[in-house]
Amino acid sequence: MTGTQWVPLALARDIAPGTSAGTMVEDAEIVVWRDTDGRAHAWEDRCPHRGMKLSFGFVRGDHIACLYHGWEFDEGGICRKIPAHPDLEVPGSICAARYGCTETGGMIWAALPLGTDPIEVPALPDAVPVRSITLEAGLITVADMLLNEENAVIEGALATLDCAHGPLAIGVQPIRPGTVALHITTRPGASAETLLAICDWAETLRRAAEKEIAA
Amino acid sequence: MSAPLLHNYDLDEDCYRARLVAACTGVALDLRNVDMFPGAEHRSDAYMRLNPLGTLPILQDETLVLTQPEAILRRLAALDPERRLLPEDEVIAARIDDWLAFWAQHLAVAKAAREIALMATPGDLAALSARTARMLRVMEDHMTHQTIRGLGFFAGPELTLADLALFPAFALSRDHGLDHDAFPALRLWARRVRLTPGFITMPGIPDYH
Ligand code: FES
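Residues numbered from 1 in each chain as written. Chains lettered and ligands numbered in written order. Predicted model: local features only at pLDDT ≥ 70, side-chain atom pairs only at ≥ 80, totals over all residues. Heavy atoms only, no water.

Novice: For the overall build of chain A, give the residues involved together with the corresponding values.
Specialist: Regarding its fold elements, chain A presents 2 helices and 15 strands. For 215 residues, the compact-globule formula gives about 17 Å, and the C-alpha radius of gyration of chain A, at 18 Å, lands near that figure. Taking the principal axes of the C-alpha coordinates as reference, chain A spans close to 60 × 35 × 30 Å. For chain A, the share of sequence-separated contacts (at least 6 apart) that also reach a separation of at least 24 residues comes to 53%. (Helix = DSSP H or I, 4+ residues; strand = E, 2+ residues; numbered from the N terminus. Rg over C-alpha atoms; globule rule 2.2 N^0.38 Å. Contact = heavy atoms within 4.5 Å.)

Novice: Provide a residue-level description of the state of the cysteines, including the pertinent values.
Specialist: By the definition in use, this model includes 0 disulfides over all chains. Cys79(A) takes part in no disulfide bond, and the closest cysteine sulfur to it belongs to Cys47(A), at a distance of 7.6 Å. Of all cysteine sulfurs in the structure, the one in Cys24(B) sits closest to Cys15(B), which takes part in no disulfide; the separation is 16 Å. (Disulfide = S-S within 2.5 Å.)

Novice: Account for the pattern of salt bridges, with residues named and values stated.
Specialist: Tallying each qualifying case throughout the model produces 29 salt bridges over all chains. Salt-bridge contacts for Glu72(A) lead to Lys81(A); the nearest nitrogen and oxygen are separated by 3.9 Å. Residue Glu72(A) is classed as buried on the basis of its relative accessible area, which comes to 6%. Overall, the relative accessible area of 40% leaves Lys81(A) in the partly exposed class. Between Arg74(B) and Asp97(B) there is a salt bridge; the shortest N-O distance is 2.9 Å. With Arg74(B) in helix H3 (residues 69–79) and Asp97(B) in helix H4 (residues 90–106), the pair connects residues that are 23 residues apart, well separated along the chain. A residue is classified by how much of its surface remains accessible, and Arg74(B), at 28% relative accessible area, is partly exposed. Classification of Asp97(B) by relative accessible area gives partly exposed; the value is 38%. Members of the salt-bridge network, linked through shared partners, are Asp12(B), Glu13(B), Asp14(B), Arg17(B), Lys111(B) and Glu115(B). (Salt bridge = Lys/Arg side-chain N within 4 Å of Asp/Glu carboxyl O. Buried < 20%, exposed > 50% of the residue type's maximum accessible area, 1.4 Å probe, protein only.)

Novice: A description of helix H7 (residues 161–171) of chain B should follow, citing residues and the corresponding values.
Specialist: All names here are of chain B. Within H7, 11 of the 11 residues are buried, leaving the element largely enclosed by the surrounding structure. Buried within H7 we find Leu161, Ala162, Asp163, Leu164, Ala165, Leu166, Phe167, Pro168, Ala169, Phe170 and Ala171. The inward-facing, buried residues of H7 contact helix H1 (13–25), H3, H4, helix H5 (108–119), helix H6 (125–148) and helix H8 (184–194).

Novice: Residues and numbers for the domain arrangement of chain B, please.
Specialist: Residue and element names in this part refer to chain B. Along its sequence, chain B is organised into domain 1 (5–83) and domain 2 (90–195). Using only C-alpha atoms to locate each centre, domain 1 and domain 2 end up separated by 21 Å. Across the contact, 17 residues belong to domain 1 and 16 residues belong to domain 2. Between domain 1 and domain 2 the total buried area reaches about 1,500 Å² when both faces are included, carbon and sulfur atoms providing 66% of it. The interface formed by domain 1 and domain 2 holds 3 salt bridges in total. In this assembly, domain 1 and domain 2 are joined by 5 residue pairs in polar contact (both at pLDDT 80 or more). Only H1 and H3 provide two or more residues apiece to the side of domain 1 that touches domain 2. The leading source of residues in the side of domain 1 that touches domain 2 is H1, at 7 residues. (Domains from an automatic or database assignment. Buried area = accessible area lost by both parts, 1.4 Å probe. Polar contact = N/O pair within 3.5 Å; in protein donor to acceptor, adjacent residues only side chain to side chain.)

Novice: Residue-level account of the domain arrangement of chain A, with values.
Specialist: How big an interface is tends to be expressed through the accessible area that disappears when the partners come together. Residues and elements named next belong to chain A. On domain assignment, one finds that chain A holds domain 1 (5–112) and domain 2 (128–214). The C-alpha centroid of domain 2 is placed 27 Å from the C-alpha centroid of domain 1. Around 1,200 Å² of area is buried between domain 1 and domain 2 when both sides are counted, 62% of it from carbon and sulfur atoms. Looking only at domain 1, the three residues that lose the most surface to domain 2 are Pro8, Leu11 and Met24, adding up to 35% of its buried area. On inspection of domain 1 and its partner domain 2, the count reaches 0 salt bridges. On the surface where domain 1 and domain 2 come into contact, there are 6 residue pairs in polar contact (both at pLDDT 80 or more). Contributing elements (two or more residues each) for the side of domain 1 that touches domain 2: strand S1 (5–11), strand S2 (20–25) and strand S10 (107–112). The dominant element in the side of domain 1 that touches domain 2, judged by the number of residues it contributes, is S1, at 7 residues. Within the side of domain 1 that touches domain 2, the residues separate by chemical class into 10 nonpolar, 3 polar and 4 charged. (Nonpolar A, V, L, I, M, F, W, Y, C, P; charged D, E, K, R; others polar.)

Novice: Can you explain the interface of chain A and chain B? Please cite residues and give values.
Specialist: Facing 28 residues of chain A, the contacting portion of chain B comprises 18 residues. Buried area between chain A and chain B, summed over both chains or domains, comes out near 1,800 Å², and the portion from carbon and sulfur atoms is 55%. It is Asp14(A), Phe56(A) and Leu196(A) that lose the most area in chain A upon contact with chain B, and together they represent 24% of the buried surface on that side. Where chain A meets chain B, there are 5 salt bridges. For the pair chain A and chain B, the number of links is 6 residue pairs in polar contact (both at pLDDT 80 or more). Counting residues per element, the ones that place at least two in the side of chain A that touches chain B are S2, strand S11 (128–135) and helix H2 (192–214) of chain A.

Right, here's the structure in full:
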């Protein structure tokens, strides 16, 4: 990856307020979480204490707590509580590393790589989440398959195309070599039948992509 | 009538399933903790007489001695006068049967993977964990579709025995190195399962509520 890029991490719907999830972009481990006010955050998935995964922890209000020794971090990434030393005024210098994070088009996005100034924040039209799906296939295989669809365009990490069930906007997340996640959205107003048909389209694509790899 | 007796080992996921079903149905359960590891008490003469397979859990209830996890869960759920985990509806009941069979036949790989990882029992961890990932994917696809249909659980709109039978394999998958990244629908489902009145955890399943 060259330069700064916005990469989709999850469908916004799938990260409920007060929850966290681990994910990866090109092997970089990221925790994506939403505070109880509804704001999304993307951080390095590494507790500053002993390096355990923050995504194994839990969200408390606007803090995320590490599962292992309970250190709590505020939304700015600053450690605010060390349970083993309840009387300690925690120095403001213990920090989790944060990615630029935004929410648009029904997805949560992070600016990669870590520590870069986020470029212009993308603004996508409103969309309805369909599903996220993980494919054990390389990025090029998956991109080629998406580009085979009607009116397909890939710009940055966003693919837009028309499948038989309507227009799709798909966030493409390279997890690691040989694994790609697609965050699939469609236009507002789609019925449950349509959403299920799009799921079937996505699962068929996954079968085909993985067969390509096996072949 | 005395409460059924569960011969239990806290770290065993099938024993946890039995405790979980009892807890979520309010069925009273007597526990006898067995020194499975390192004592191998479940292979003692007394236990081999009770269960020649030498496995846990074992449920003793009146004249019954049950050794198969699925039968144990069904028995406990049937003891609940409200039958809240086993609804009458025939279609839902058929779906519960299907998912219980899926658990017993196809998801057993998850338990095997976890035992290799935690207890260093012999076996091909990579292969079993990969197979578990395949099975969790089947579950993920199903719960994705259920959610679109407006159904929050495996067999229908309400929690059933199927959900409690399937839950531990997902919740414990990190014990054998399988993260939850690729399973957003199962994450949200697990969160709903955790909200069940009476829900309990076991070591390896964090209790953060
Ligand atoms: S590793 Fe996170 S609190 Fe210790």
